[in-house]
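What the coordinates show
In case you want the letters, here they are:
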Amino acid sequence: MNDKTDERLIEAGRKLFARDWQFIWASPSIETLPPMAGLEIAFAGRSNVGKSSLINALTGRNALARTSHTPGRTQELIFFEVPGKNDLRLVDMPGYGYAKAPKSQVASWTELIHKFLLGRASLARVYVLIDARHGIKDVDLEVLKTLDRSAVSYQIVLTKADQVKAAELQARIAETEAALAKHPAAFPTVLATSSRSSTGMESLRAAMAKLLEERAA
């Protein structure tokens, strides 16, 4: 990709997320999913990794996705789209792993995540969010295995990059990219982001704009 292409995609991404994104649907089960329309991009990650904050930063809407300091607050698949547009939906998934909730409830959310990842034909890409301070954990690897089986393209996004020293962040990126070599459905490159400082948001928006262009071609 040359500089002109980069600039064009960055501008396309800016316009895509300058639109009036709104909440449209919440699904506590596979049976209650909304009808498929356009492409869906989902955000997965451990509880408290910053999925809702990332969606808010992408769209420039501080309260679009509900954020909480309590892990496990998002208990459903939450869908966002732009009214009158059916080209793209964003999906905020329940956090997996630790959550302040009964184990049976956490198991139910985890099952919902895996079923959605395996069986949603309109799901075009999944961004798997990993805390830059901690790297990939065993519970993340289970989700990556599900994605490998589903053949849905996915990419790792490191969150909270502003809370890690530059040298440590580069080491985390290299370590994560090395781990991805074992996963055929994964993008080989890792994006580092911060919802607080907006680091990496241009690149993430541009990546989604590029996906829309590729699917429309």
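Bear in mind that the values here come from a model prediction, so they are computed numbers and not experimental data. (Residues numbered from 1 in each chain as written. Predicted model: local features only at pLDDT ≥ 70, side-chain atom pairs only at ≥ 80, totals over all residues. Heavy atoms only, no water.)

**Regarding the environment of valine 157**
Mapped onto the elements, valine 157 comes out in strand β6 (residues 154–159). The exposure class assigned to valine 157 is buried, which follows from its relative accessible area of 0%. Through-space distance from the C-alpha of valine 157 to that of alanine 107 is 24 Å; in sequence the pair is 50 residues apart. Residues in contact with valine 157, not counting those within four places in the same chain, are Tyr127, Val128, Leu129, Ile130, Leu191, Thr193 and Leu204. (Helix = DSSP H or I, 4+ residues; strand = E, 2+ residues; numbered from the N terminus. Buried < 20%, exposed > 50% of the residue type's maximum accessible area, 1.4 Å probe, protein only. Contact = heavy atoms within 4.5 Å.)

**Side note on the pattern of salt bridges**
Overall, the coordinates contain 15 salt bridges when judged by the stated rule. With a shortest N-O distance of 2.9 Å, glutamate 81 and arginine 89 are connected by a salt bridge. Members of the salt-bridge network, linked through shared partners, are Glu40, Glu81, Arg89 and Arg120. (Salt bridge = Lys/Arg side-chain N within 4 Å of Asp/Glu carboxyl O.)

**Quick word on the packing of aromatic side chains**
Scanning all chains against the criterion turns up four aromatic pairs. Each ring, one from phenylalanine 23 and one from phenylalanine 80, has its centre 6.5 Å from the other, and the planes form 70°; the classification is edge-to-face. Of this pair, phenylalanine 23 sits in strand β1 (residues 22–27) while phenylalanine 80 sits in strand β3 (residues 77–81); the two residues are 57 residues apart in sequence, bridging distant segments of the chain. Assessed through its relative accessible area of 46%, phenylalanine 23 is described here as partly exposed. An angle of 80° between the planes, with centres 6.3 Å apart, marks the rings of phenylalanine 79 and phenylalanine 116 as edge-to-face. Of this pair, phenylalanine 79 sits in strand β3 while phenylalanine 116 is found in helix α3 (residues 103–119), placing the two residues 37 residues apart along the sequence. As far as the burial class goes, phenylalanine 79 and phenylalanine 116 line up, both buried. (Phe/Tyr/Trp six-rings, centres within 6.5 Å; stacked < 30°, edge-to-face > 60°.)

**Observations concerning the sheet that holds β3**
Read from one edge to the other, the open sheet built from seven strands follows the order β1-β3-β4-β2-β5-β6-β7, with strand pairing classed as mixed. Strands at the two margins of the open sheet, each flanked by one partner only, are β1 and β7 (191–192). Of the strand pairs in this sheet, strand β5 (residues 123–131) and β6 are connected by six bridges, and their pairing is parallel. Counterpart to leucine 129 in the pairing with β6 is valine 157. Where helix α2 (residues 51–59) meets the sheet, it contacts β2 (39–45), β3, β4 (88–92) and β5, and its direction lies at approximately 135° from that of β2. The strands that helix α5 (residues 166–180) touches are β6 and β7; relative to β6, the one it contacts most, it runs at about 160°. (Pairing = 2+ DSSP bridges. Axes fitted to C-alpha atoms, helices over the stretch in contact; angles between N-to-C directions.)

**Regarding the packing of α2 against helix α6 (residues 201–216)**
Look at α2 against α6: their axes get within 10 Å of each other, and the N-to-C directions meet at 80°. Judged by the inter-axis angle, α2 sits roughly perpendicular to α6. Touching Leu54, Ala57 and Leu58 of α2 are Met201, Leu204, Arg205 and Met208, all from α6. Taken together, the residues that form the contact of α2 with α6 break down as six nonpolar, no polar and one charged. (Parallel < 35°, antiparallel > 145°, perpendicular 65-115°, else oblique. Nonpolar A, V, L, I, M, F, W, Y, C, P; charged D, E, K, R; others polar.)

The analysis is restricted to geometry; functional conclusions fall outside its scope.
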